[in-house]
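Next come the chains, spelled out residue by residue.
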Amino acid sequence: MLNCELNASVQHSFANAEDKLRHYKGEMGKTFDIGLERLTGGVGFPVGVDARARNLAAATEIPGAGRGTFFLETFGCQMNDHDSEKVAGVLLSRGYTQVESPESASLILYNTCSIREKAAQKVFSRLGEFGLKQDEGRIIGVLGCVAQQEGEEIFKRAPWVSLVCGSASYSKLPELVAQVEAGNQRVTGLDTDTDETFETPVTRRDNPWRAYLTIIEGCDKACSYCVVPYTRGPERSRASDSILREVRQLADLGYSEVQLLGQTVNSYADPTARKMRFSELLLAVADAPGIRRVRFTTSHPRDFTQDIVDAIDAQPKLCNHVHLPVQSGSTRVLRAMQRTYSREEYLEKIAMIRGARRPISITTDIIVGFPGETDEDLAETLSLLDVVRYDAIFSFKYSPRPHTPSLAMRDVISEDEKSRRLAVLQEKQREIQTARHSTMVGEAFELLVGGKSRRENQWSGHTSCHRVINFSSQETALLGKYVQVRVTGATPNSLVGEEAP
Ligand code: 5AD
Ligand code: SF4
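A brief structural summary.

Scoring rules and cut-offs
- Residues numbered from 1 in each chain as written.
- Chains lettered and ligands numbered in written order.
- Predicted model: local features only at pLDDT ≥ 70, side-chain atom pairs only at ≥ 80, totals over all residues.
- Heavy atoms only, no water.
- Pairing = 2+ DSSP bridges.
- Helix = DSSP H or I, 4+ residues; strand = E, 2+ residues; numbered from the N terminus.
- Axes fitted to C-alpha atoms, helices over the stretch in contact; angles between N-to-C directions.
- Expected span 1.5 Å × (residues − 1).
- Buried < 20%, exposed > 50% of the residue type's maximum accessible area, 1.4 Å probe, protein only.
- Arc of directions from axis to C-beta.
- Contact = heavy atoms within 4.5 Å.
- Salt bridge = Lys/Arg side-chain N within 4 Å of Asp/Glu carboxyl O.
- Polar contact = N/O pair within 3.5 Å; in protein donor to acceptor, adjacent residues only side chain to side chain.
- Patch = residues over 30% accessible without salt bridge, like charges linked within 9 Å, V, L, I, M, F, W, Y side chains within 5 Å.
- Areas by Shrake-Rupley, 256 points an atom, 1.4 Å probe, with all protein chains shown as cover.
- Lys, Arg positive; Asp, Glu negative; His and termini not counted.
- Charge placed at Lys NZ, Arg CZ, Asp CG, Glu CD.

**Observations concerning the sheet that holds strand 20 (residues 494-499)**
- Here we have five strands rolled up into a closed barrel, ordered 16-17-18-20-19, and mixed in their pairing. Neighbour-to-neighbour, the strand axes of this sheet turn through a mean angle of 55°, independent of strand direction.
- Looking at chain direction, strand 17 (residues 458-462) and strand 18 (residues 468-472) are connected through five bridges and run antiparallel. Among the inter-strand pairings, histidine 462 is bridged to a residue of strand 18, identified as valine 468.

**Some words on helix 15 (residues 375-388)**
- The first and last C-alpha atoms of helix 15 sit 20 Å apart over 14 residues, in line with the 20 Å expected at 1.5 Å per residue.
- Turning to helix 15, its buried residues are Asp377, Leu378, Thr381, Leu382, Leu384, Leu385 and Val388. All buried residues of helix 15 fall inside an arc of 150° around its axis, so they share one side. The exposed set on the far side of helix 15, more than 90 degrees from its buried face, consists of Glu376 and Val387.
- On its buried side, helix 15 packs onto helix 13 (331-337), helix 14 (343-354), strand 14 (361-368), strand 15 (392-397) and helix 16 (415-438).
- Arginine 389 sits one or two residues past helix 15 and shows a positive phi near 50°.

**A look at the pattern of salt bridges**
- The tally for this structure, following the rule as stated, stands at 30 salt bridges.
- What emerges from the salt-bridge pattern is a single network uniting Arg210, Glu257, Arg292, Arg293, Arg295 and Glu446.

**Thoughts on the pairing of strand 20**
- Inspection of the sheet shows strand 18 paired to strand 20 by four bridges, in the parallel sense. Its bridge partner being in strand 20, asparagine 470 is matched across the sheet by valine 496.
- Here strand 19 (residues 482-491) pairs with strand 20 via six bridges, running antiparallel. The residue bridging arginine 486 from the neighbouring strand is glutamate 498, located in strand 20.
- With antiparallel pairing between neighbouring strands as the criterion, strand 19 and strand 20 make up a hairpin whose turn holds two residues.

**Quick word on the environment of aspartate 206**
- With respect to the element layout, aspartate 206 can be found in the loop between strand 7 (187-189) and strand 8 (210-214).
- Its relative accessible area of 14% is what places aspartate 206 among the buried residues.
- Sequence separation between aspartate 206 and aspartate 81 is 125 residues; the distance between their C-alpha atoms is 9.0 Å.
- A distance of 2.4 Å separates polar atoms of two side chains, one belonging to aspartate 206 and the other to arginine 204.

**Description of the environment of lysine 221**
- By the element assignment, lysine 221 lies in the loop between strand 9 (216-217) and helix 9 (228-232).
- Take lysine 221: its relative accessible area is 9%, and that puts it in the buried class.
- Separated by 119 residues in sequence, lysine 221 and threonine 340 place their C-alpha atoms 8.8 Å apart.
- Not counting residues within four places of it along the chain, the set of residues in contact with lysine 221 comprises Pro229, Glu235, Thr264, Ser267, His300, Arg302 and Asp303.
- Polar side-chain contacts of lysine 221 include one of 3.0 Å to the side chain of serine 267.
- A polar side-chain atom of lysine 221 sits 3.2 Å from a polar atom in the side chain of aspartate 303.

**Here we look at the side chain of threonine 463**
- Summarising the element assignment, threonine 463 is placed in the loop between strand 17 and strand 18.
- For threonine 463, the side chain forms a polar contact with the main-chain nitrogen of cysteine 465, separated by 3.2 Å.
- Those residues in contact with threonine 463 that lie beyond four places of it in its chain are Arg293, Arg295, Phe445, Glu446, Leu447 and Ile469.

**Structural notes on a negative patch on the surface**
- A surface patch of like charges, here negative, comprises Glu344, Glu345, Glu348, Glu376 and Glu380.
- If you list the elements that add at least two residues to the negative patch, you get helix 14 and helix 15.
- Looking at which element gives the most residues to the negative patch, the answer is helix 14, with three residues.
- For glutamate 344, a relative accessible area of 47% translates into the label partly exposed.

**A short note on the sheet that holds strand 14**
- Pairing within the open sheet is parallel, and its three strands lie in the order 13-14-15. At either end of the open sheet lies a strand with only one pairing partner, and these are strand 13 (321-323) and strand 15. In this sheet, neighbouring strand axes are inclined to one another by 15° on average, regardless of whether the strands run parallel or antiparallel.
- Here three bridges tie strand 13 to strand 14, and the two strands are oriented parallel to one another. Bridge pairing links valine 322 to isoleucine 362 in strand 14.
- Each of strand 14 and strand 15 touches helix 16; the most contacted strand, strand 15, lies at about 175° to it.

Below you can see the structure in the form of C-alpha cells.
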C-alpha cells in the first residue's frame, strides 16, 4: 500500500509562481523520492506558469463565485495528497479561494490519516486548537481515514465540527459541501458500499510537471494489521478510457510525468469491456504524446506478474522503480499478517524484477514488532535485507489499529522493544545504502528538475529510479526540464552531483 504519515503537508495557495517556489526551496535533501515531493524539494513553479490557473481554465462555470475561503491540511499518503488536490478543485470550482492559514479561512478541512495511531492523533490535536475558538463562525470538516474510522464520534469529541466524510464518499462531496453551506451542522458521508471512484472535472494539482492519478481506490486485501480496507472501502478500479483521457489532458497541460496511484495499484481491474490488464494500461499511458515518465505505486506482491516487468523492459518511459512492500522477512509473521505470500514467494517476485534487462530499483515497507514477532523472525527480516539489498526501505513500528484482526492478538511487543528492533533494522539498511550509494559515484542519470535551492546554482531533481540528487549547474531556468547529472558524492542518505556536459 501507499506510504503514509512521513510528514504532514499543508495545501497552500500562492499568489504567484515565485511565491510557491520561495515556499518550497530549501526543502532539498532526501535521497529516495517515494512520491512525497514535499520531502524532496520536488515542487516549484516555473516563472510564468500557474498550474492552478491552468487547471481552472478547464472549468467553464463558477457557481457561487466569491463564496469564501478554505484552508486544507493533508496528512498521510500520496493518495490523500491527490484526494486533497481533487477536494481543492471541487471547492475552487464552487467559488472558494484557498488560503494558507486556518485563521484566515471560513472553511477549514483536515484530510486525515489513520494508518498508525500517531497519525490519527494529529487531527484531534488540530481540532483541539479550534475548540477554544468556537465562536468565530468557521465551518470545520474532517475528511479521510480518521473521518471514516471515527464517524459521528467526531461530533461528540469536537462538537464544532460540521462535516465528517470518508474517502469512499468523496464523489458526493459537492453535495455535502452544499449542505454545510446551507447551514446544516452535522453533515456526514460515511458509506463505503460504493462502486464509485472520486472523479471531478477540476483538480487543483500541486506540482506543474508531475501529476498523480488514482486508478484504483480502496483495498480488498485483508492484511491483519491494516485499517485501510475499513477506512477506504472495497477496491474500485477506474475505467481505462477515462484514465487515458485524463492522461492526454495532463500531457496537453504540460505534465510530463504521471504517477498512477492505488493502495494496491497492480490489482487494477478495468471495469470496461476493454478489460485492459495493468501492464497494458501502463503501456497505453506511456504512449500518450508528451508523457516522458510513468510510475506507479504501491504494488502488492501477490499481483506482481512477469508482464509488468516485460512492459518496463519494452518501454523506457516506464520508470525503473518498483515499490514492493514485504512487511516481514519471516513466513510465520507473514502468515499472521495475512499477506498471502511466503518469504520464498516474495523472493521469486524479486528474482523476476532482477531478471529485467535494465536495472530496476526496489523499495519496500517493513513493520517491526508485530504481535508474536520473535528474535528469529526479526533475524529473517534482517537477512531478507541482505538478500534483496533494497534501494530504500520505509520502516514502521507496529501500531494496533481499531477494526483490525491483529488488535486481538496476544504476545504484544513492548514499545521499547519495538524501538530497539526498528533501530537494528535501520542500521542494517544504512550499511546497505552506504555501499550502494558509493558505487553510484561517477554514474550519470537523467533528472526531472523539481527544486531550486536557496544556494546559488544548486538544484534538485529525481531520477527514473526515483532517487533525488542535489546538483550544481550554471543554468538559470531548469525547473521542469530533464537534464543529465553525474553523481560526484554520496552519503547513506543523499547523493550530490553536477550537470553533465
Ligand atoms: N502499524 C504499523 N505500520 C503499518 N502499516 C500499515 N498498517 C500499519 C500498522 N497498523 C505500514 C505498512 C504499509 C505502510 C504504508 O504502512 O508497512 O505498507
Ligand atoms: Fe496495503 Fe494490506 Fe493495507 Fe490493503 S490491507 S492497504 S494491501 S497493507
